[in-house]
Amino acid sequence: MTESIFVENLAKHFEKVEAVAGISFSVEQGELFGFLGPNGAGKTTTINMLTGLARPNTGAIRIGGIDCTNNPRAAQHLVGVVPDESNLYPELTGFENLCFCAALYGMGKSERQASARELLDVFGLTGAAKRKFGGYSKGMKRKLTIAAGIIHRPSILFLDEPTTGIDVASARQLRQLVADLHRTGTTIFLTTHYIEEAERLCGRIAFIVSGRIVQIDSVENLVQPLKDKYVVRISFEGVQDDLRGRLSESFPDLDFENLGQGKIRVEADHPVPVGPLVRVLEDCGAEVSEARRMRPSLEDIFVRITGIEAGAMQKEKEKMGAGR
Amino acid sequence: MKYWIAFWNILAKDMRTYYLKPPNVSWGLIFPLAWTTMFFIKSGAGLESIITLIPGVVAVSILFGTTSMLAVTVTFEKKNRSFERLLLAPIPFELLMLAKTSGAILFGVANAFVPVVIAAFLADLSAVAWRVFVPAVIMIAVASTFLGLFIAVAVSEVFEAQTFSNFFRFPMIFLCGLFFPIEKLPVFLKPLSYALPLTYGADMLHGAVHGGHTMPFALDLALLTAFCVFLFVASLWNIKRRWIS
Ligand SMILES: Nc1ncnc2c1ncn2[C@@H]1O[C@H](COP(=O)(O)OP(=O)(O)OP(=O)(O)O)[C@@H](O)[C@H]1O
Ligand SMILES: [Mg+2]
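Sequence order as written defines residue numbering, which begins from 1 separately in each chain. Here every chain gets a letter starting at A, and every ligand a number starting at 1, in the order they are written. Two thresholds apply to this predicted model, a pLDDT of at least 70 for residue-level local features and 80 or more for giving and counting side-chain atom pairs, whereas whole-chain, interface and lining totals are computed over all residues. By convention in this description, side-chain values take in all heavy atoms of the structure and omit both hydrogens and water.

(A) The overall build of chain B, seen in detail. In terms of helices and strands, chain B carries 10 helices and 0 strands. Going from N to C terminus, chain B has its helices and strands arranged as α-α-α-α-α-α-α-α-α-α. Relative to the globule expectation of 18 Å for 245 residues, the C-alpha radius of gyration of chain B, 18 Å, shows essentially globular dimensions. By its C-alpha atoms, chain B is 55 × 40 × 35 Å across when sized along the principal axes. Burial classes follow relative accessibility: with a 1.4 Å probe on protein chains only, a residue under 20% of its type's maximum area counts as buried, one over 50% as exposed, and anything between as partly exposed. The 245 residues of chain B split such that 57% are buried. We call two residues in contact when some of their heavy atoms are within 4.5 Å. Within chain B, contacts between residues at least 6 apart in sequence are counted, and of these 76% link residues at least 24 apart. Total accessible area computed for chain B in this model is approximately 10500 Å², and 75% of it derives from carbon and sulfur atoms. Both charge centroids of chain B, one from 17 positive and one from 11 negative side chains, sit 9 Å from each other. Helical segments are the DSSP runs of H or I of at least four residues, strand segments are the runs of E of at least two, and each set is numbered from the N terminus. The reference for a compact globule is 2.2 Å times residues^0.38; the radius of gyration itself is calculated from the C-alpha atoms. Computed with a 1.4 Å probe, the accessible areas rest on the Shrake-Rupley method; for each residue, only the protein chains presented here act as cover. Positive charges come from Lys and Arg alone, negative charges from Asp and Glu alone, with His and the N- and C-terminal ends not counted. By convention, the charge on Lys lies at NZ, on Arg at CZ, on Asp at CG and on Glu at CD.

Below you can see the structure in the form of structure tokens.
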């Protein structure tokens, strides 16, 4: 069997909320699988069910070939989890926290100390190794939580929004680490709201919205329909009205999408004539501040499938992240 | 072997971060001392009467020492989510909860010997049947710890755990024959006494210290064991139902 994660018809509700509404998917051994969705889509709930922290209402789960449907904790020796919130022990130091987590998986003393030192080094926390976790900054906490999730070298790793709340350089470093883990054969289940991150790292992606998987495919196949498209994004000021009607009249072979707040997205099967387009807009009284040719990306697909503006999703998250 | 590494480290971590902290150590010393003094002054008798107070003070020390700790080691860790780490660990659930409670059991046993050591300086303890006393202390510590666990997993806030355990602890001081014989209680309270584990532990302690017990030791032990098993199983069931829901 090469499936590391197998899920069939998994559902979970909390009183009135249908958090996960019957999802099915499987993740191959060694795959890096992305789980992408807006706030409250059911990502964390899914991870909790897969790792034995929550009991599904219906559905079947197999982790590493072990049937976990009735015994949610059966496969925990195979699994590492990095939760969405840092949950290590505030009164232990960084080093002690890592050693403790390794001990939970039965690692011997010299082995866990060596691994802890190595990971502290990888995450640039060696200087803070002897400081209490409670006194760490948010980003440092995040990094140590990730280190704690991989210290026992799990063959299946669940990462719940690993890069939320850490700086750009650390996020890049972390993505590198995830890619390395993937290369050495770890199966990775990654939830994120950074679409670009998912596109860069993941082999296959599932879009989840309101507890349902709306699309699941390889990144290549997902962007395929847009492969031969040309996309331009135009920002302008001074006009509140919807200009799409006027634009379609002048350019019947282009598709226009109103993104709101003075932004229009233009899509075509041939290169977009930006100059004439800007002139028409200016004739309508708009003051064009930017016109950008874009490579069609997963973000476009995400917006198209879910109807959710990706940038808006990201901003919401950052606000929440700041309050954590 | 692997399980025992986890078991030992969970226990050692709790010991270091909770039980061996100065406030807890001094609490373990002051509390039994205060009870001994209080009852000693109240009884107004000579120093030799201390021996009749030992069973009650020992039992109270264990009861308060153990139950108050579970609110922190379990309820608080659940609240700040670090308990999830333990729930994710690949060790049998029973072993995990034993690791989480054995610190409190040891703390309870240590608390019990504070009044004993004090009494050794003030009275003659040569007549104490240690072969009964020690098992009684251990079983009371286990039963009280599991009672604390039962409470700690039934609530979600630390203050609830504390309030809720006082609801059990204070009546137990008076209902379990620690300082006043159960026979002197009003008839309608007696069934309640026999529904509480501490009654049987106190009976053993009285028997061990001054020979005044009402039930066979074997029966006391058997009933205490039954209470322990029930409280542990019920707590586990509750965790599975509430925390892995
Ligand atoms: N313990 C709970 N009790 C009640 N409702 C819950 C609970 N956990 C999750 N929910 C609800 O289930 C839905 C899915 O939540 P979940 O945390 O899985 O979303 P998510 O995709 O992880 O969101 P985010 O991106 O914000 O982390 C939400 O509507 C949430 O309010
Ligand atoms: Mg989440």
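(B) Focus on a nonpolar patch on the surface. Residue and element names in this part refer to chain B. Taken together, Leu-20, Val-25, Leu-29 and Ile-30 make up a surface patch of nonpolar side chains, about 380 Å² in accessible area. Residue position: Leu-20 is located in the loop between helix H1 (2-19) and helix H2 (22-43). On the basis of relative accessible area, Leu-20 is assigned to the exposed category, the value being 58%. Patches in this entry comprise residues that are over 30% relatively accessible and not in a salt bridge; like charges within 9 Å are linked, as are nonpolar side chains (Val, Leu, Ile, Met, Phe, Trp, Tyr) within 5 Å. Here, a salt bridge means any side-chain nitrogen of Lys or Arg that lies within 4 Å of a carboxyl oxygen of Asp or Glu.

(C) Molecular detail of the packing of helix H5 (residues 93-122) of chain B against helix H10 (residues 217-242) of chain B. Residues and elements named next belong to chain B. Axis separation between H5 and H10 bottoms out at 11 Å; the angle between their running directions is 110 degrees. When the axes of H5 and H10 are compared, the pair comes out roughly perpendicular. The way H5 lies across H10 gives a crossing that is right-handed. The residues of H10 that touch H5, namely those facing Phe-93, Glu-94, Met-97 and Leu-98, are Phe-232, Leu-236, Ile-239 and Lys-240. Classifying every residue of the contact of H5 with H10 by side-chain character gives 6 nonpolar, no polar and 2 charged. Note on geometry: axes are C-alpha line fits, over the in-contact stretch for helices, and angles between N-to-C directions span 0 to 180 degrees. Angles below 35 degrees are treated as roughly parallel, those above 145 as roughly antiparallel, those between 65 and 115 as roughly perpendicular, and all remaining angles as oblique. Two helices crossing with the near one rotated counterclockwise from the far one by less than a right angle form a left-handed crossing, whereas a clockwise rotation gives a right-handed crossing. Each residue is assigned to one of three groups, with Ala, Val, Leu, Ile, Met, Phe, Trp, Tyr, Cys and Pro labelled nonpolar, Asp, Glu, Lys and Arg labelled charged, and all others, Gly among them, labelled polar.

(D) Quick peek at the domain arrangement of chain A. Segmentation into domains, and thus their bounds, comes from an automatic or database assignment. Assigned domains of chain A: these are domain 1 (3-223) and domain 2 (228-295). Each of domain 1 of chain A and domain 2 of chain A has a C-alpha centre, and these two points are 41 Å apart.

(E) Seen up close, the pattern of salt bridges. Residues and elements named next belong to chain A. Inspection of the entire model under this criterion finds 20 salt bridges over all chains. A salt bridge links Arg-175 to Glu-197; the shortest N-O distance between them is 2.7 Å. In this pair, Arg-175 sits in helix H5 (residues 168-183) while Glu-197 sits in helix H6 (residues 195-201), placing the two residues 22 residues apart along the sequence. Here Arg-175 falls in the buried class, since its relative accessible area comes to 18%. What emerges from the salt-bridge pattern is a single network uniting Lys-229, Glu-257, Arg-265, Glu-267 and Asp-269.

(F) Representation of the sheet that holds strand E2 (residues 17-28) of chain A within the structure. Residues and elements named next belong to chain A. Any two strands between which DSSP finds at least two bridges are classified as paired. Sheet architecture is open: 4 strands sit in the order E2-E1-E4-E5, paired in antiparallel fashion. For this open sheet the edge positions go to E2 and strand E5 (66-67), each flanked by a neighbour on one side alone. Strands strand E1 (3-14), E2 and strand E4 (58-63) of the sheet are contacted by helix H1 (residues 43-51), whose axis makes an angle of about 120 degrees with E1.

(G) Spotlight on the pairing of strand E13 (residues 263-268) of chain A. All names here are of chain A. Most of E13 sits inside the fold, with 5 of its 6 residues counted as buried. As paired elements, strand E11 (residues 230-237) and E13 share 6 bridges and run antiparallel to each other. Looking at the pairing, Ser-235 lines up with Lys-263 of E13. For strand E12 (residues 255-260) and E13, the ladder comprises 5 bridges, and the chain directions are antiparallel. Residue pairing for E13: Asn-258 is matched across the bridge by Ile-264. Linkage of E12 to E13, two consecutive antiparallel strands, is achieved through a turn of 2 residues, within which Gln-261 is found at a positive phi near 50 degrees.

(H) Representation of the confidence of the model for chain A within the structure. Residues and elements named next belong to chain A. The pLDDT value tells you how sure the predictor is about a given residue, anywhere from 0 up to 100. A residue-level look at chain A finds 94% of positions with pLDDT of 70 or above and a mean pLDDT of 88. When mean pLDDT is taken per element in chain A, helix H2 (residues 94-104) scores highest with 97 and helix H11 (residues 310-323) scores lowest with 51. Scored below 50 in pLDDT, residues 319-324 makes 7 contacts in the model with residues more than four places away or belonging to other chains.

(I) Inspection of the packing of aromatic side chains at higher detail. Classification of ring pairs rests on two measures: the distance between centres of Phe, Tyr or Trp rings, Trp counted by its six-membered ring, which must be within 6.5 Å, and the angle between planes, read as stacked under 30 degrees, edge-to-face over 60 and tilted in between. Considering all chains together, one arrives at 23 aromatic pairs over all chains under this definition. Both rings, one in Trp130(B) and one in Phe133(B), keep their centres 5.2 Å apart while their planes meet at 80 degrees; by these two values the pair is edge-to-face. Pair noted here: Trp130(B) and Phe133(B) are both in helix H6 (residues 130-154), with a separation of 3 residues, about one helical turn. By relative accessible area, which is 0% here, Phe133(B) ends up buried. Looking at Lys13(B), its charged tip hangs above the ring of Phe100(A), at a distance of 5.9 Å from the centre. Lysine and arginine charges are scored as sitting over a ring when NZ or CZ, respectively, is within 6 Å of the ring centre and within 35 degrees of the ring normal.

(J) Spotlight on the sheet that holds strand E10 (residues 212-218) of chain A. Residue and element names in this part refer to chain A. Pairing within the open sheet is mixed, and its 6 strands lie in the order E6-E7-E8-E3-E9-E10. Edge positions in the sheet fall to strand E6 (79-82) and E10, since each has one partner strand and no second. Neighbour-to-neighbour, the strand axes of this sheet turn through a mean angle of 15 degrees, independent of strand direction. Across the sheet, helix H10 (residues 298-306) lies against strand E3 (32-36), strand E9 (204-209) and E10, angled at about 35 degrees from E9, the strand it touches most.

(K) Structural context of the interface of chain B and chain A. Contacts between chain B and chain A engage 28 residues on the former and 31 residues on the latter. Summing both partners gives a buried area of about 2700 Å² for chain B against chain A, and 56% of it is carried by carbon and sulfur. Of all residues in chain B, Arg81(B), Arg85(B) and Leu88(B) bury the most surface against chain A, accounting for 29% of the area lost on that side. Counting across the interface, chain B meets chain A through 3 salt bridges. N or O atoms closer than or at 3.5 Å make up a polar contact, with two conditions inside protein: a donor-capable atom paired with an acceptor-capable one, and, for residues adjacent in sequence, both atoms drawn from side chains. At the boundary of chain B and chain A, one finds 12 residue pairs in polar contact (both at pLDDT 80 or more). When two parts are put together, the accessible area they lose, computed with a 1.4 Å probe and summed over both, is reported as buried area.

(L) Expanded view of helix H7 (residues 158-175) of chain B. All names here are of chain B. The first and last C-alpha atoms of H7 sit 26 Å apart over 18 residues, in line with the 26 Å expected at 1.5 Å per residue. At Asn-166, H7 shows its maximal bend, which comes to roughly 25 degrees. Taken residue by residue, H7 has Ala-161, Ser-165, Arg-169, Met-172, Ile-173 and Leu-175 as its buried positions. Where H7 is buried, its residues meet H2, helix H3 (50-79), H6, helix H8 (190-194) and helix H9 (197-210). After H7 finishes, the residue Gly-177 shows a positive phi value of roughly 70 degrees. By this rule the span expected of a helix is its residue count minus one, scaled by 1.5 Å. Bend, in this description, refers to the angle at a residue between axes fitted to the seven residues ending there and the seven starting there.

(M) Up close: helix H4 (residues 138-150) of chain A. Between its first and last C-alpha, H4(A) extends 19 Å over 13 residues, near the 18 Å set by a 1.5 Å rise per residue. Here H4(A) lies mainly inside the structure; 11 of its 13 residues are buried. Inspection of H4(A) places Gly139(A), Met140(A), Arg142(A), Lys143(A), Leu144(A), Thr145(A), Ile146(A), Ala147(A), Ala148(A), Gly149(A) and Ile150(A) among the buried residues, and these make up the whole buried set. The inward-facing, buried residues of H4(A) contact E6, H2, helix H3 (109-122), strand E7 (156-160) and H5 of chain A together with helix H4 (83-88) of chain B.

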